[in-house]
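Here are the chains, one letter per residue:
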Amino acid sequence: MQPVEIKKDIFWVGAVDYDKRDFHGYALSPEGTTYNAYLIKDKKNVLFDSVSKEFADDMLCRLGEALPPEKVDYIVCNHLELDHAGALAELAARCKPEKIFCSQMGMKSMQGYFDCKDWPVQAVKNGEILSIGSRAIQFFETRMLHWPDSMVSYIPEDKLLISNDAFGQNIASTVRYADEVSEEHLLNAVEAYYYNIVLPFSPQVRNALKALGGLDFDMIAPDHGLIHRGKRSVNFILDAYARLAEQKAQRRALVIYDSMWHATEKMACAVADGLEEAGVPSRVMSLKRNHHSQVMTELARCGAVLAGSPTHNNGILPAMAAMLTYMKGLRPKNRVGGAFGSYGWSGEGPKILHDWLASMDMELPAPFVKTQWTPGHEGFGQCRELGKSVGLALTARCGG
Ligand code: FEO
C-alpha cells in the first residue's frame, strides 16, 4: 500500500473502507468511506489522526512506505472518535512518539477510550503554535465539529488545513482529490454528509468559517473522503458549507409517508399535486423504500416537509416515528410543514405528526388532514389544499 504525497513531504497515509455502509452506525454511506491520516516529514515527523481499528495494518503498511513508524515523533489527534483514533493504541505502541497532542477536551475522550496513563499526552490550547522544524502547526478548536474535542490543524507554510470531520464526505475511491469526480457527485456526497452528521452544529460551522476565514490555505485535507486542492476546489467546499449552514429556504418540498393499505400513500400523491398547483416541485419518498439518511439528504434541497402516516395503535407507524426522531435530532431550521394520514377508528396519527413538526419550529400554515378508511374525492381535495397552502407559504418565505 502506497502513501500519496499531497504536498512536498506531506503524505496521505489513511485507509479506504469500500465496504462501509452504515457510517457511524446510523447514516447510509453507499459508496463506503475513507479514514484519512496524514504524515508530515520535517525535523519532527508528525502523524495527524489515525484510522478505524480494523484498518490499523493498512495504515501502518502505508505509513511504513513513507517513513519507519518508529521515526514518528509526534501524533496529533484532532478528534478522538474511533474512526480517527481506533488505531491509536497500536500506533502509539509501534511509533513510541515523543508526544501525543490533542485538545483540552480531547484529554477526556482519550482517558475514556484508552489506558493512556503512560502515554506522553499533551493538551494544546486554541490558537497554540507548535514548531516542527521548517514548519509550524497551529491548532484551532472546532468544538462540536463534530464532538466537543474536535480541532483542526493549520500548516501556514504549506497553506494546508487538516480539517478532520469538517468538509468531508463519504466517497471511497482510488482517487484522492475532489477535483477528480464530478461536482454533482461531490456535492451530493457533501450534502449527505452535512445533513446527516453536521447539521445540528450549523451555528458552530458559521463560527468556524469566520475563524478560519482569515487564514490563507489552498488545500483542505479532511479525514473522510476526498481532498480539496487548489483555490477553486477549496472555495467550492467553503461556499457549500456556508450555504448549508445558513439553511436558507429553498422552493422545493419533501413529502414523506408510510402506509399500510395505500390510503396514506394516495394522500401523499394528492399533497404533491397541491404543491404542484402552487408551483412548488416536490419529491415524494416512501419510508419503506428510503432510508432515513436518504430522506435527510433530500431535505438539504427542500424548504418544506409534509409527513403522512396512518394511525396505528393510537399513534403513528414505527418507520415514521423513527424518521421524525432522527430528523428532529438533526435540528433542521427554517422549514414549512404539513401533516396528513388515514385512519380507521381512532385517528390520532395526523395530529401527532403535526405536533412533531411544530416541535421542530416549522411553520404550519394549514390544519392537518385526516381521512377515514379510503380517501375519496373530498379527502383528496383536502390533501391538495394542504399541499397548496404549504407551497404558497414556502413561496412567500422564499421571497415570492
Ligand atoms: Fe469522523 Fe466524528 O468522526
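Within each chain, residue numbers correspond to sequence positions counted from 1 in written order. Residues qualify for local features only when their pLDDT is at least 70, as the model is predicted, and side-chain atom pairs are given and counted only at 80 or more; totals for whole chains, interfaces and linings, by contrast, use all residues. In computing side-chain properties, one takes all heavy atoms of the structure into account and sets aside hydrogens as well as water.

1. Quick word on the pairing of strand S16 (residues 219-222)
On a regular strand, one side chain projects to one face of the sheet and the next to the other, so that they alternate. The criterion, for reference: Throughout, exposure labels follow a simple rule: accessible area from a 1.4 Å probe, protein chains only, divided by the maximum for the residue type, with under 20% read as buried, over 50% as exposed, and the rest as partly exposed. Secondary structure elements are taken from DSSP: a helix is a run of H or I of four residues or more, a strand is a run of E of two residues or more, and numbering for both begins at the N terminus. Pairing between two strands is assigned when DSSP locates at least 2 bridges connecting them.
Side chains Met 219 and Ala 221 project from S16 onto one buried face, and the interleaved Ile 220 and Pro 222 project onto a second face that is buried too. The pairing of strand S15 (residues 160-164) with S16 spans four bridges and is parallel. Each bridged residue has a counterpart across the sheet, and for Leu 161 the counterpart in S16 is Ile 220. Taken together, S16 and the strand that follows it, strand S17 (residues 228-229), pair antiparallel across an intervening segment of five residues, in which Gly 225 is found at a positive phi of about 85 degrees.

2. Quick word on the sheet that holds S16
Pairing in this open sheet of six strands is mixed, and the strands run S12-S13-S14-S15-S16-S17 from one edge to the other. Strand pairing shows two members of the sheet lacking a second neighbour, strand S12 (129-131) and S17, which therefore form its edges. In terms of strand pairing, S12 meets strand S13 (residues 136-141) through three bridges, oriented antiparallel. Within the sheet, the bridge partner assigned to Leu 130 lies in S13 and is Ile 137.

3. Here we look at the pattern of salt bridges
Where charged atoms from two side chains of opposite charge come close, those side chains can pair. The condition is simple: What counts as a salt bridge is simple: a side-chain nitrogen of Lys or Arg found within 4 Å of a carboxyl oxygen of Asp or Glu.
In this structure the tally under the stated criterion is 22 salt bridges. In this structure, Asp 9 engages Lys 8 in a salt bridge whose closest nitrogen and oxygen atoms are separated by 3.7 Å. Judged by relative accessible area, Lys 8 falls into the exposed class, the value being 63%. Among the ionic contacts, a cluster of salt bridges with common partners joins Glu 191, Arg 243, Arg 252, Arg 283, Glu 298 and Arg 301.

4. Quick look at the packing of helix H5 (residues 183-198) against helix H7 (residues 230-246)
Selection rule: The axes used here are C-alpha line fits, helices contributing only the stretch in contact, and every angle between their N-to-C directions lies in the interval 0 to 180 degrees. Roughly parallel means an angle under 35 degrees; roughly antiparallel, over 145; roughly perpendicular, 65 to 115; everything else is oblique. Here a crossing is taken to be left-handed if its near helix is turned anticlockwise relative to the far helix by less than a right angle, and right-handed if that turn runs clockwise. By definition in these notes, contact holds between two residues if any of their heavy atoms fall within 4.5 Å. Gly falls in the polar group here, along with every residue not listed as nonpolar (Ala, Val, Leu, Ile, Met, Phe, Trp, Tyr, Cys, Pro) or charged (Asp, Glu, Lys, Arg).
It is at 11 Å that the axes of H5 and H7 come closest, and there the two elements cross at 40 degrees. Between H5 and H7, the crossing angle belongs to the class labelled oblique. The interaxial crossing formed by H5 with H7 has right-handed handedness. Contacts between H5 and H7 involve Glu 183, Leu 186, Leu 187, Val 190, Glu 191, Tyr 193, Tyr 194, Tyr 195 and Val 198 from the first element and Arg 232, Phe 236, Ile 237, Ala 240, Tyr 241, Arg 243, Leu 244 and Ala 245 from the second. Of the residues belonging to the contact of H5 with H7, the class tally is 13 nonpolar, no polar and four charged.

5. Some details on the nonpolar core
As a reminder, the rule being used: Throughout this description, the term nonpolar core refers to a set of buried Ala, Val, Leu, Ile, Met, Phe, Trp, Tyr and Cys residues connected via side-chain atoms within 4.5 Å.
Residues Phe 167, Tyr 194, Tyr 241, Ile 256, Met 296 and Met 327 are the most contacted members of the largest nonpolar core, which totals 60 residues. Sequence-distant contacts of Tyr 194, defined by excluding residues within four places in its chain, comprise Leu 199, Ser 202, Val 205, Tyr 241, Leu 244 and Ala 245. One finds Ala 15, Ala 37, Leu 63 and Ile 75 within the second-largest nonpolar core, a separate group that totals 31 residues.

6. Brief notes about empty space enclosed by the protein
Keep this limit in mind: Here a cavity is any set of points on a 1 Å grid over the protein atoms alone where a 1.4 Å probe fits but cannot get out, and a pocket is any open set with protein on both sides within 12 Å along at least 5 of 7 lines; a residue lines the site when it has an atom within 4 Å of a point. Grid points are joined across faces, edges and corners, and a volume is the space filled by probe spheres set on the points.
Within this structure, the stated rule accounts for one cavity of 30 Å³ or more. If you add up the space inside the largest cavity, you get close to 30 Å³. Considering the residues around the largest cavity, the lining is formed by Thr 142, Leu 145, Val 152, Ala 166, Phe 167, Ala 208 and Leu 212. Considered class by class, the residues forming the lining of the largest cavity number six nonpolar, one polar and no charged.

7. Comments concerning the pairing of strand S1 (residues 4-7)
Of the pairings in the sheet, the one linking S1 to strand S2 (residues 10-12) comprises three bridges and is antiparallel in character. Among the inter-strand pairings, Val 4 is bridged to a residue of S2, identified as Trp 12. In this structure, the hairpin formed by S1 and S2 is closed by a connection of two residues, where Asp 9 is found at a positive phi of approximately 65 degrees.

8. Quick notes on helix H11 (residues 349-359)
Defined as follows: In this description, one arc is meant: the one made by directions from the helix axis to the C-beta atoms.
Of all the residues in H11, the buried ones are Gly 349, Pro 350, Leu 353, His 354 and Leu 357. Buried positions in H11, seen along its axis, are confined to an arc of 135 degrees and lie on one side of it. Taken together, the buried residues of H11 touch strand S20 (304-308), strand S21 (311-312), strand S22 (315-316), helix H10 (318-329), strand S23 (336-343) and strand S24 (369-372).

9. A closer look at the environment of Phe 11
Of note, Phe 11 is situated in strand S2. Considered as a pair, Phe 11 and His 292 are 281 residues apart in the sequence and their alpha carbons are 36 Å apart. Beyond its immediate sequence surroundings of up to four residues, Phe 11 is in contact with Pro 3, Val 4, Glu 5, Ile 6, Ala 37, Tyr 38, Leu 39, Lys 41 and Ala 66.

10. Side note on the layout of surface pockets
If you add up the space inside the largest pocket, you get close to 360 Å³. Lining the largest pocket are 21 residues; nearest its centre among them are Met 260, Pro 310, Ser 342, Tyr 343 and Gly 344. Residue assignment for the lining of the largest pocket shows that the elements contributing at least two residues are helix H8 (263-277), S21 and S23. Here the element with the most residues in the lining of the largest pocket is H8; it accounts for three residues. Taken together, the residues of the lining of the largest pocket break down into eight nonpolar, 12 polar and one charged. Forming the boundary of the second largest pocket are 15 residues, of which Leu 28, Pro 30, Asn 188, Ala 192 and Thr 297 lie nearest the centre. Take the lining of the second largest pocket: its biggest share by element is six residues, from H5. Looking at the lining of the second largest pocket residue by residue, the classes come out as seven nonpolar, seven polar and one charged.

11. Side note on the environment of Gln 382
Its location among the elements puts Gln 382 in helix H12 (residues 377-397). For the pair formed by Gln 382 and Gly 274, sequence separation is 108 residues and the distance between their alpha carbons is 9.2 Å. With sequence-adjacent residues up to four places away left out, Gln 382 is seen in contact with Val 369, Lys 370 and Thr 371.

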